[in-house]
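Chain and residue survey
Now for the letters of each chain:
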Amino acid sequence: GVAFPLGAVCPLLAFAGLLYVGARVFRAPIGVCIPALGWIVAVGALTYGTSEGDVVLASTVAAQIFVYGGLVVAAGVLVFAYQWQLSDRLQPAGR
């Protein structure tokens, strides 16, 4: 059978929740950009090898789902944050 990379999908769901909360709290893209930048730095550090050749995120299907899935999640929630910011700006002042 084919193993499902549940260990890669669960952190992505938590990451999506974190970005969603940041976007809702700030009602601006900065609420998504700051945690997404932290995630990119952390993933970059985990994929960088040591002099012995050890890496935490090896070149496996689960690691690729985690890395690329996180980028897709961040881009998707960023679009929602821009939409919320735009709708706030376009609302009439009395509402």
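As a reminder, the structure under discussion sits directly above these lines.
Residues numbered from 1 in each chain as written. Predicted model: local features only at pLDDT ≥ 70, side-chain atom pairs only at ≥ 80, totals over all residues. Heavy atoms only, no water.

On to the packing of helix α1 (residues 6–26) against helix α2 (residues 30–47), then. Running from amino to carboxyl end, α1 crosses α2 at an angle of 150°, the nearest separation of the two axes being 7 Å. It follows from the interaxial angle that α1 and α2 lie roughly antiparallel. Contacts from F15, L18, L19, G22, A23 and F26 in α1 reach I30, G31, V32, P35, A36 and W39 in α2. Residue composition of the contact of α1 with α2, grouped by class: 10 nonpolar, 2 polar and no charged. (Axes fitted to C-alpha atoms, helices over the stretch in contact; angles between N-to-C directions. Helix = DSSP H or I, 4+ residues; strand = E, 2+ residues; numbered from the N terminus. Parallel < 35°, antiparallel > 145°, perpendicular 65-115°, else oblique. Contact = heavy atoms within 4.5 Å. Nonpolar A, V, L, I, M, F, W, Y, C, P; charged D, E, K, R; others polar.)

With respect to the element layout, A45 can be found in helix α2. What makes A45 exposed here is its relative accessible area of 54%. Put simply, A45 and V55 are 10 residues apart on the chain and 9.1 Å apart in space, counted from C-alpha to C-alpha. (Buried < 20%, exposed > 50% of the residue type's maximum accessible area, 1.4 Å probe, protein only.)

Below, the discussion takes up the side chain of Q85. Mapped onto the fold, Q85 is located in helix α3 (residues 61–90). In contact with Q85, other than residues within four places in its own chain, are R27, A28 and P29.

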